[in-house]
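An overview of the molecular structure
Chain by chain, the residues run as shown.
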Amino acid sequence: MQTAQRLRMTADDFLAWEETQTEKHEFVAGEVFAMVGARREHVVVSGNIFAGLKQRLRGKPCQAYMADLKLRVEAADAFFYPDVVVSCDQNDNKADQYISHPTLIVEVLSDSTAAYDRGGKFVAYRTLDSLKEYLIVDIEAHRVESFRRTANNDWLLHDYVGVVDCELTGLNLSLPLADIFEDIG
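Let me begin by describing the structure that accompanies this report.

What counts, and at which threshold
- Residues numbered from 1 in each chain as written.
- Predicted model: local features only at pLDDT ≥ 70, side-chain atom pairs only at ≥ 80, totals over all residues.
- Heavy atoms only, no water.
- Buried < 20%, exposed > 50% of the residue type's maximum accessible area, 1.4 Å probe, protein only.
- Helix = DSSP H or I, 4+ residues; strand = E, 2+ residues; numbered from the N terminus.
- Arc of directions from axis to C-beta.
- Contact = heavy atoms within 4.5 Å.
- Phe/Tyr/Trp six-rings, centres within 6.5 Å; stacked < 30°, edge-to-face > 60°.
- Pairing = 2+ DSSP bridges.
- Axes fitted to C-alpha atoms, helices over the stretch in contact; angles between N-to-C directions.

Taken residue by residue, helix α1 (residues 11–18) has Ala-11, Phe-14, Leu-15 and Glu-18 as its buried positions. In an axial view of α1, the angular spread of the buried residues amounts to 100 degrees, which keeps them on one side of the axis. Buried residues along α1 sit against β1 (25–28), β2 (31–34), β4 (70–73), β5 (78–80) and β7 (98–99).

Now for the packing of aromatic side chains. Inspection of every chain in the model, using the stated rule, returns 11 aromatic pairs. The interplanar angle of 70 degrees and the centroid separation of 5.3 Å between the aromatic rings of Phe-79 and Tyr-98 together place this pair among those described as edge-to-face. Here Phe-79, found in strand β5, pairs with Tyr-98, found in strand β7; they are 19 residues apart in sequence, far enough to count as distant. Owing to a relative accessible area of 1%, Phe-79 belongs among the buried residues under this scheme. On the basis of an interplanar angle of 75 degrees and a centroid distance of 5.3 Å, the ring pair of Tyr-125 and Tyr-134 is categorised as edge-to-face. Taken individually, Tyr-125 and Tyr-134 each receive the classification buried, so the pair is uniform in this respect. Among the aromatic residues, those joined into a ring-pair cluster are Phe-80, Tyr-116, Phe-122, Tyr-125, Tyr-134, Phe-147 and Trp-155.

Glancing now at the sheet that holds β2. What the 5 strands build is an open sheet, ordered β2-β1-β5-β4-β7; its pairing is mixed. Looking at the sheet topology across the chains shown, the edges are occupied by β2 and β7. In the sheet, β4 pairs with β7 via 2 bridges, with the strands oriented parallel. Bridge pairing in β7 links Leu-71 to Ile-99. Packing of α1 onto the sheet brings it into contact with β1, β2, β4, β5 and β7, and relative to β1 it is tilted by some 175 degrees.

Remember that the coordinates give geometry; whether it matters functionally is a separate question.
Structure representation (C-alpha cells):
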C-alpha cells in the first residue's frame, strides 16, 4: 500500500507556476494560498494611500507599488502581495517579478486576514533588514497602527486615530488620515 505524498513547491517553481495563473497567490515555505478579491472600501483605502505616497515621493529615489507586485521575504521563504509597498532600493526599482528591500509595507485589514496581518505576516516582514515601518490600516475604526523599527531593532507602535497626520519617519513624510480614509463612510 502506498501512502499519500504531499507535494511541495520551491520558490522558483512558484514563480514560474504563478505566471501561468489567472489569480494571485501567496507562497509561504512551500505552500501556496489563493488570494481573494477585496471589498470596495479596501480598494479605495489602498488606492488613497498609494496616491498620497506616489505624489509625495516624486523626485525622490523611492517608489510606491500597489497590490499586484510580489514582495519576496527570503528569510521566511515567502512571497506576499502587500496592499501598498515602498522601496528605495535601486535594484527593486528595476525589478521585474518581485521586490525584496521595502522601506514601508502597508496592509489594509480585512476580516479574513486581520489576525495573520498582525501575527505571522508581521513576523515574516520583521526579518527584512530594509523595512523601517509597517502600517496596519483598520477601516472600521478609521485607525492606522504604525510599527516603526528603533535603533535597537525593536518595533515601536504609533497609533493614529482622528484628525491627525500619520507620520512616516522612514520616508520623511506624512499622510493625513482624512486623505487615507477619503470616500469611506
